[in-house]
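Residue-level listing of the chains:
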Amino acid sequence: MNGASKADAAMILQWGCIATVANQQWRFVAVGNDYYKLINANSGKVLDVSSSSTANWAMIWQWSDLNRNNQQWKPVRQSDGSYQLVAAHSNKCADVSVSATATYDGAFLYQYDCNTGANQRFRLLPAGIESLKGVPIPEDANINNYVVNRQAAKALGKALFWD
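Our subject in this report is the structure included herewith. The structure displayed is predicted, hence computed values, not measured ones.

By the element assignment, His89 lies in the loop between strand 7 (83–87) and strand 8 (93–96). Polar side-chain contacts of His89 include one of 2.6 Å to the backbone oxygen of Ser53.

Listed below in structure tokens is the structure:
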């Protein structure tokens, strides 16, 4: 890892959760129609699908905020309290690479057709909290200043950050 990059095109990776680290914290800012831009606390950059691609396996990285729809995400609540993050421009989901069992540090984030895999389910945790041990966020919770955490099958507490 090269550290908490502040550069455009820095890749988003899954990593063990250290909730007090700014590069693992994302602020949700409403842009309308239930979509949000996700702004990183460390870099001020937003979560972005590379080159506005609509293809499966397009990389998700951080980029300067250009107010484009490839930088807008809809958190869709699932029955278990986790969320899928759906890209506005492609209607595809943020997806942790390899498979639903990709729990290792360093797995990349891509967009892919939405499905029911655990690799497309994320937990939203208040900044500064490493794990709620599977406790779902309340329906009416304000999602501003939440950490985006992948729902690991056994509450592994993996977080998303960039290299």
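Read on for the rest.
Take the pattern of salt bridges next. Using the criterion set out here, one finds 4 salt bridges in the structure. We note a salt bridge from Asp8 to Lys45, for which the minimum N-O separation is 2.9 Å. Here the residue Asp8 occupies a position in the segment before strand 1 (12–16), and Lys45 occupies one in the loop between strand 3 (35–40) and strand 4 (46–49), the gap between them amounting to 37 residues. Looking at Lys45, the relative accessible area reads 14%, which means it is buried. When the shortest N-O distance is used, the salt bridge between Lys37 and Asp65 registers 2.6 Å. Of this pair, Lys37 sits in strand 3 while Asp65 sits in the loop between strand 5 (60–63) and strand 6 (73–77), and the two are 28 residues apart along the sequence. Look at Lys37 and you get buried, because its relative accessible area is 14%.

Rules of the game
Residues numbered from 1 in each chain as written. Predicted model: local features only at pLDDT ≥ 70, side-chain atom pairs only at ≥ 80, totals over all residues. Heavy atoms only, no water. Helix = DSSP H or I, 4+ residues; strand = E, 2+ residues; numbered from the N terminus. Polar contact = N/O pair within 3.5 Å; in protein donor to acceptor, adjacent residues only side chain to side chain. Salt bridge = Lys/Arg side-chain N within 4 Å of Asp/Glu carboxyl O. Buried < 20%, exposed > 50% of the residue type's maximum accessible area, 1.4 Å probe, protein only.

These figures come from the coordinates and say nothing about function on their own.
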